[in-house]
Amino acid sequence: PDKPGRPAPGRHPGGPHRPGVRPQGNPPRPAPGAFRPHDHPGHYTKNQLHVYFDGRRLADVLAAQFVLIGDGYARDPWAVYFCGTKIDGAAAGSFRIIGDGYACDPWAVYFCGKRVKGASADNFRIAGGGYACDPWAVYYCGKKVKGAAAASFEYLGRGYARDAWHLYFEGRVVTDDFHGRAPWL
């Protein structure tokens, strides 16, 4: 008779392995040329010769030196990719992740693989919730927020942000009339 809480003799709770033997150590390494998933969930994979994104082979990628950078971005020595699409003009050697989908090289800022028009890579910072700022402008999900003052801009949470003059929700000015006074500012 089995005791409560213990597996039956010759079995263990770990699954259909050899009776009474628990698997130990690392799983076996794939054979040379087999697919090897990267750490970006379910997107990039590669073998010795090719790189794939969601099953689609990427052209002209050096698989041996292909690395994930983070937030869906990856690179080889000559190009940068976002979710499997090459980013034209991005400098692979100096490309870096800023956060919240934003990345940059010395000459441009990118959001989800698209160049952010007018953004300066110098002193670009993440405010939070999809908002980011350079010294002169505020951006929400890669689009410039009209009229927002970068110097006083702060993210409040749940899509809301403010500067010295306005309250914003998901990149748009909140226009409700509070008789000149917003109670949360």
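Look up a bit, the structure's there.
The structure displayed is predicted, hence computed values, not measured ones.

About the cut-offs
Residues numbered from 1 in each chain as written. Predicted model: local features only at pLDDT ≥ 70, side-chain atom pairs only at ≥ 80, totals over all residues. Heavy atoms only, no water. Helix = DSSP H or I, 4+ residues; strand = E, 2+ residues; numbered from the N terminus. Buried < 20%, exposed > 50% of the residue type's maximum accessible area, 1.4 Å probe, protein only. Contact = heavy atoms within 4.5 Å. Areas by Shrake-Rupley, 256 points an atom, 1.4 Å probe, with all protein chains shown as cover. Core = buried A, V, L, I, M, F, W, Y, C linked by side-chain atoms within 4.5 Å. Phe/Tyr/Trp six-rings, centres within 6.5 Å; stacked < 30°, edge-to-face > 60°. Salt bridge = Lys/Arg side-chain N within 4 Å of Asp/Glu carboxyl O. Pairing = 2+ DSSP bridges. Lys, Arg positive; Asp, Glu negative; His and termini not counted. Polar contact = N/O pair within 3.5 Å; in protein donor to acceptor, adjacent residues only side chain to side chain. Patch = residues over 30% accessible without salt bridge, like charges linked within 9 Å, V, L, I, M, F, W, Y side chains within 5 Å.

(A) Structural detail: the overall build of the protein chain. Within the protein chain one finds zero helices and 20 strands. Out of the 185 residues in the protein chain, the part that is buried amounts to 36%. Of the contacts made within the protein chain by residues no fewer than 6 positions apart, 24% connect residues no fewer than 24 positions apart. For the protein chain, the exposed surface amounts to about 12,400 Å²; the carbon and sulfur share of it is 52%.

(B) Region of the structure containing the nonpolar core. Formed by Tyr102, Cys104, Val109, Phe111, Val116, Ala119, Ala121, Phe124, Ala132, Ala137 and Tyr139, the largest nonpolar core amounts to 11 residues. Where this core is concerned, the elements lending two or more residues are strand S10 (102-104) and strand S11 (109-111). Each residue touching Tyr139, except ones within four places of it in the same chain, is listed here: Tyr102, Val116, Lys117, Gly118, Ala119, Phe124, Gly130, Tyr131, Ala132, Asp134, Lys144 and Val145.

(C) Structural context of the packing of aromatic side chains. Following the criterion strictly, the structure yields 14 aromatic pairs and no others. Ring centres 5.4 Å apart and planes at 55° place the aromatic pair Tyr44 and Phe66 in the tilted group. With Tyr44 in strand S2 (residues 44-46) and Phe66 in the loop between strand S4 (56-57) and strand S5 (67-70), the pair connects residues that are 22 residues apart, well separated along the chain. There is no split in this pair, since Tyr44 and Phe66 are both buried. Relative to Phe153, the ring of Tyr131 has its centre 5.2 Å away and its plane inclined at 50°; by these criteria the two rings are tilted. Here Tyr131, found in strand S14 (residues 131-133), pairs with Phe153, found in the loop between strand S16 (143-144) and strand S17 (154-157); they are 22 residues apart in sequence, far enough to count as distant. The burial state of Tyr131 is the same as that of Phe153; both residues are buried. An aromatic cluster is present here, built from Tyr131, Tyr140, Phe153, Tyr155 and Tyr168 joined pairwise through their rings.

(D) Local environment of the pattern of salt bridges. Summed over the entire model, instances satisfying the criterion amount to one salt bridge. For Glu154, the salt bridge goes to Arg162, with nearest N and O atoms at 2.8 Å. Since its relative accessible area comes to 34%, Glu154 is described here as partly exposed.

(E) Focus on the sheet that holds strand S6 (residues 73-75). Overall, antiparallel pairing links the four strands, which are arranged S5-S6-S7-S8 in an open sheet. This sheet does not close on itself; its edge strands, each paired only once, are S5 and strand S8 (85-86). As defined by bridge partners, S6 adjoins strand S7 (residues 80-82) across three bridges and the pair is classed as antiparallel. The partner of Ala74 across the bridge, within S7, is Tyr81.

(F) Examining the side chain of Asp76 more closely. Relative to the helices and strands, Asp76 resides in the loop between S6 and S7. Buried within the structure, Asp76 lacks any salt-bridge partner; Lys86 is the closest side chain of opposite charge, at an N-O distance of 7.7 Å. In this structure the side chain of Asp76 is engaged in a polar contact, spanning 2.9 Å, whose partner is the backbone nitrogen of Trp78. Within the structure, the side chain of Asp76 is placed 2.9 Å from the backbone nitrogen of Ala79, a separation counted as a polar contact.

(G) View of a nonpolar patch on the surface. Together, Leu156, Tyr160 and Phe169 make up an exposed nonpolar region whose accessible area comes to about 250 Å². Looking at the element boundaries, Tyr160 is found in strand S18 (residues 160-162). Tyr160 gets classed as partly exposed once you look at its relative accessible area, which sits at 35%.

(H) Spatial organisation of the pairing of S5. Bridge analysis of S5 against S6 gives three bridges, and the strand direction is antiparallel. Across the sheet, Leu68 pairs through a bridge with Ala74, a residue of S6. Connecting S5 to the next strand, S6, in antiparallel fashion are two residues, including Asp71 with a positive phi near 55°.

What is shown is where atoms sit, not what they do.
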